[in-house]
Amino acid sequence: QVEVRTKDEIGELATSFNQMSHDLADASRQRKQMTADIAHDLRTPLTVLRGYTEGLKKGSLPGSEKLFTIMHEEVILLQHLVEDLRTLSLADAGELTLNKRAIDPKALLERTGLAYIMQAEEKGLQLRVEAPANLPAIFVDGERMTQVLNNLVSNALRYTNSGEILLSGTAVSDEIELRITDSGVGIAADELPHIFNRFYRADQSRHRTVDSTSGLGLAIAKAIVEAHEGKITAVSTPGEGTTFIITLPRYVRNNES
Ligand code: ATP
Ligand code: MG
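Residues numbered from 1 in each chain as written. Chains lettered and ligands numbered in written order. Predicted model: local features only at pLDDT ≥ 70, side-chain atom pairs only at ≥ 80, totals over all residues. Heavy atoms only, no water.

Draft legend 1. Region of interest: the overall build of the protein. Summing up its helical and strand segments, the protein has five helices and seven strands in all. For the protein, the succession of helices and strands along the chain, N to C, is α-α-β-α-β-β-α-β-β-α-β-β. Projected onto its principal axes, the C-alpha positions of the protein cover 75 × 55 × 45 Å. Each of the 257 residues in the protein was classed as buried or not, and the buried ones make up 37%. (Helix = DSSP H or I, 4+ residues; strand = E, 2+ residues; numbered from the N terminus. Buried < 20%, exposed > 50% of the residue type's maximum accessible area, 1.4 Å probe, protein only.)

Here's what the structure looks like:
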């Protein structure tokens, strides 16, 4: 940091120099944090697998279906984590390949809704899709966008204990808004600015549960939506619920080049 003494061009230069050095320090801190988080998340499943394989090798641990199931789950978790990291690094490098097509947003929401209807019923939750039939198309990679919606809906299911999850689509001027609304626990105001950060898990979910979260889901959702020139935001009231809003440009015929 340099001292800013004047208001002229030299002063401006000093100010932007300070901004730049501040940003660099920030990026470096984030990179270190991310490496620490990756190491931490890799360590737990590896420790479990190492313990079990050693026990099996020595014969001190008898093989059983239950044991192999746990081992298999840990491998899936590792694979999930590595896949997520790969998606993020591709997005960082601007190399996320998108197979964009004109897609009906309502069909996209309905497909996601169908995929989760059983899970919702098991939890005693309502899951509804609400979108007008004539919603203009969006120009997106259907698989990637489904990945985004899947993450939002599975989050909604995880953090909602009663009430409803609503997937809705509306046209707002030149854009299409997709909303995932839940009546769940909500997100505290001081946590909300961080939820799209890599590896961020709000307090109540910091400890890895059975369905093993990585804390990368929303970071990936954001990367994918932004690769589509869209935006994703969240609003939440603790104790009442959360809404995630994805805004995407609508499809215009001549952008299909
Ligand atoms: P992953 O999706 O990688 O398996 P995750 O679900 O914990 O893990 P994100 O999807 O990135 O990670 O979500 C980050 C955090 O934001 C969650 O841990 C949770 O604390 C909070 N969160 C996300 N969605 C909701 C929601 N609908 N209601 C309440 N909290 C939420
Ligand atoms: Mg998630």
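Draft legend 2. The coordination of the magnesium ion (ligand 2), seen in detail. Bound to the magnesium ion (ligand 2) are the protein donor atoms N151 (ND2) and N155 (OD1), situated 2.2 to 2.7 Å from the metal. Highlighted residues: N151 and N155, both in helix α4 (residues 142-158), separated by four residues, approximately one helical turn. (Donors = N, O, S within 2.8 Å, 3.2 Å for Na, K, Ca; no water.)

Draft legend 3. Geometry of the site of ligand 1. The local shell around ligand 1 holds 21 residues, among which N155, R158, D182, S214 and L218 are the closest. Between a nitrogen atom of ligand 1 and a side-chain N or O atom of D182, the distance comes to 2.8 Å. Contact distances for ligand 1 include 2.9 Å between an oxygen atom and a backbone N or O atom of L216. Bound to the protein, ligand 1 loses 98% of the 600 Å² it would expose on its own. Elements that contribute at least two residues to the shell around ligand 1 include exactly α4, α5 (217-227) and β7 (241-249). For the shell around ligand 1, the residue count by class is nine nonpolar, nine polar and three charged. (Near = heavy atom within 4 Å. Polar contact = N/O pair within 3.5 Å; in protein donor to acceptor, adjacent residues only side chain to side chain. Areas by Shrake-Rupley, 256 points an atom, 1.4 Å probe, with all protein chains shown as cover. Nonpolar A, V, L, I, M, F, W, Y, C, P; charged D, E, K, R; others polar.)

Draft legend 4. Main features of the sheet that holds strand β5 (residues 175-182). Here we have five strands laid out as an open sheet, ordered β2-β4-β5-β7-β6, and mixed in their pairing. Sheet topology places β2 (126-130) and β6 (231-237) at the edges, where each strand pairs with a single neighbour. Strand-to-strand twist in this sheet, taken as the mean axis angle between neighbours without regard to direction, amounts to 15°. Taken together, the eight bridges between β5 and β7 define a ladder with antiparallel strand orientation. Each residue of the ladder has a partner; that of R179, found in β7, is I245. (Pairing = 2+ DSSP bridges. Axes fitted to C-alpha atoms, helices over the stretch in contact; angles between N-to-C directions.)

Draft legend 5. Structural view of the environment of E65. Position of E65 relative to the elements: it lies in helix α2 (residues 65-92). According to the relative accessible area criterion, E65 is exposed, its value standing at 68%. Separated by 36 residues in sequence, E65 and R29 have C-alpha atoms that sit 43 Å apart.

Draft legend 6. Molecular detail of unusual backbone geometry. The phi dihedral of F199 is positive, around 70°, even though this residue is not glycine. Position of F199 among the secondary structure elements: in the loop between β5 and α5. For E229, which is not glycine, the phi torsion reads 60° and is therefore positive. Relative to the elements of secondary structure, E229 occurs in the loop between α5 and β6.

Draft legend 7. Quick look at the environment of D23. The residue D23 is located in helix α1 (residues 9-58) in this model. Sequence separation between D23 and T242 is 219 residues, and the spatial gap between their C-alpha atoms is 31 Å.

Draft legend 8. Representation of the nonpolar core. Of all hydrophobic cores here, the largest spans 45 residues; its most connected members are V148, L152, I180, I195, F244 and I246. Not counting residues up to four positions away in its chain, the partners in contact with I180 are L149, L152, V153, A156, I165, L166, L167, T242, T243 and F244. (Core = buried A, V, L, I, M, F, W, Y, C linked by side-chain atoms within 4.5 Å. Contact = heavy atoms within 4.5 Å.)

Draft legend 9. Spotlight on the packing of α1 against α2. Following both chains from N to C, one finds α1 and α2 inclined at 155°, their axes separated by 10 Å at the closest point. With respect to each other, α1 and α2 are oriented roughly antiparallel. Judged by the sense of rotation from one axis to the other, the crossing of α1 with α2 is left-handed. In this structure, α1 uses M34, I38, D41, L42, P45, L46, V48, L49, Y52, T53 and L56 to contact α2, whose residues at the interface are L67, F68, I70, M71, E74, V75, L77, L78, L81 and L85. A breakdown of the residues in the contact of α1 with α2 according to their chemical character gives 18 nonpolar, one polar and two charged. (Parallel < 35°, antiparallel > 145°, perpendicular 65-115°, else oblique. Left-handed = near helix turned anticlockwise from the far one by under 90°.)

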